[in-house]
Each structure stands twice: as C-alpha cells, then as structure tokens.
Amino acid sequence: MNWVFDRQRLYAWREQLRTCGNLMPSRPGRPKKRPPEAPPDRHALAAGFALSAEQRRADALAKARRRIVELERKIGQQQVELDFFQEALRHVRGNQQQKDAPGGAASSRSFKK
C-alpha cells in the first residue's frame, strides 16, 4: 500500500507544480501580491488574429480539398455504374435484334383466338 501513497503524493506535487510553478509548500497566511500583468501588445494581438485567420483559411482549403476528393470518387463510381448499365443495355438490344431478325427466336407469347 506504500506505492498508493507515493502515487497520490506525486499527483499532488504535479498539481502544485502546475498551479504554483514551484514545489515549495505554501506558507500559512495571505499570499503575496503579484505585480499586475502588462497589457498585451497591439501588434502581437494583430499577429495572433492574422495567424488564426490564416489557420482558418488553411482549414477551409483542406476541407474543400477533402470534399473535391469525395466528389471525384463519387463521380468515378457513377461512371463505372453508367458503363455497366450501357453495356447491359447493348447486350439486351442485341438479343432483341436477333429475335426480331428473320429466322430468329420466336416470341414466347401465344395468341388465342
């Protein structure tokens, strides 16, 4: 059971390091004041927005390319199906022409009077 305690202590240290930036235990009492953060630079903000706009354009381009590939695949599949049905139609029409020709196969219909 010692390893469980050690694991818990490691997680606590990791959390303290993440939140406080050091592993020193906090002192009792009120924490010290930190200096106020400097306002962000306008140029840095503009660069950040430019990067995000550039990233959005890159994402949109990647999405458009994926859509193009998907549509081309669909068109290819439809072309295969179209070729198949055209060949089947040629085969059926060829059989009908042979039956209609003189000496061809007789019709399977029988007429009663």
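That block above? That's the structure.
Residues numbered from 1 in each chain as written. Predicted model: local features only at pLDDT ≥ 70, side-chain atom pairs only at ≥ 80, totals over all residues. Heavy atoms only, no water.

## Focus on the overall build of the chain
1) Next: Regarding its fold elements, the chain presents 2 helices and 0 strands.
2) Next: A buried classification covers 1% of the 113 residues belonging to the chain.
3) Next: For the chain, the exposed surface amounts to about 11,900 Å²; the carbon and sulfur share of it is 58%. (Helix = DSSP H or I, 4+ residues; strand = E, 2+ residues; numbered from the N terminus. Buried < 20%, exposed > 50% of the residue type's maximum accessible area, 1.4 Å probe, protein only. Areas by Shrake-Rupley, 256 points an atom, 1.4 Å probe, with all protein chains shown as cover.)

## Remarks on the pattern of salt bridges
Side-chain pairs of opposite charge can arise where the charged atoms are in close proximity.
1) Next: Overall, the coordinates contain 2 salt bridges when judged by the stated rule.
2) Next: Across the pair Arg67 and Glu70 runs a salt bridge whose closest N-O atoms are separated by 3.1 Å. You can see Arg67 and its partner Glu70 sitting in helix 2 (residues 42-100), 3 residues apart, about one turn around the helix.
3) Next: The class for Glu70 is partly exposed, based on a relative accessible area of 41%.
4) Next: Here Glu87 makes a salt bridge to Arg90, at a shortest N to O gap of 2.7 Å. Separated by 3 residues within a single helix, Glu87 and Arg90 lie in helix 2, roughly one turn from each other.
5) Next: When its relative accessible area of 46% is taken as the criterion, Glu87 is described as partly exposed. (Salt bridge = Lys/Arg side-chain N within 4 Å of Asp/Glu carboxyl O.)

## Concerning the packing of aromatic side chains
1) Next: The full count for this structure, using the stated rule, is 1 aromatic pair.
2) Next: Between Phe84 and Phe85, the ring centres sit 5.2 Å apart and the planes meet at 70 degrees, which makes this aromatic pair edge-to-face. A single burial state applies to Phe84 and to Phe85, both of which are exposed. (Phe/Tyr/Trp six-rings, centres within 6.5 Å; stacked < 30°, edge-to-face > 60°.)

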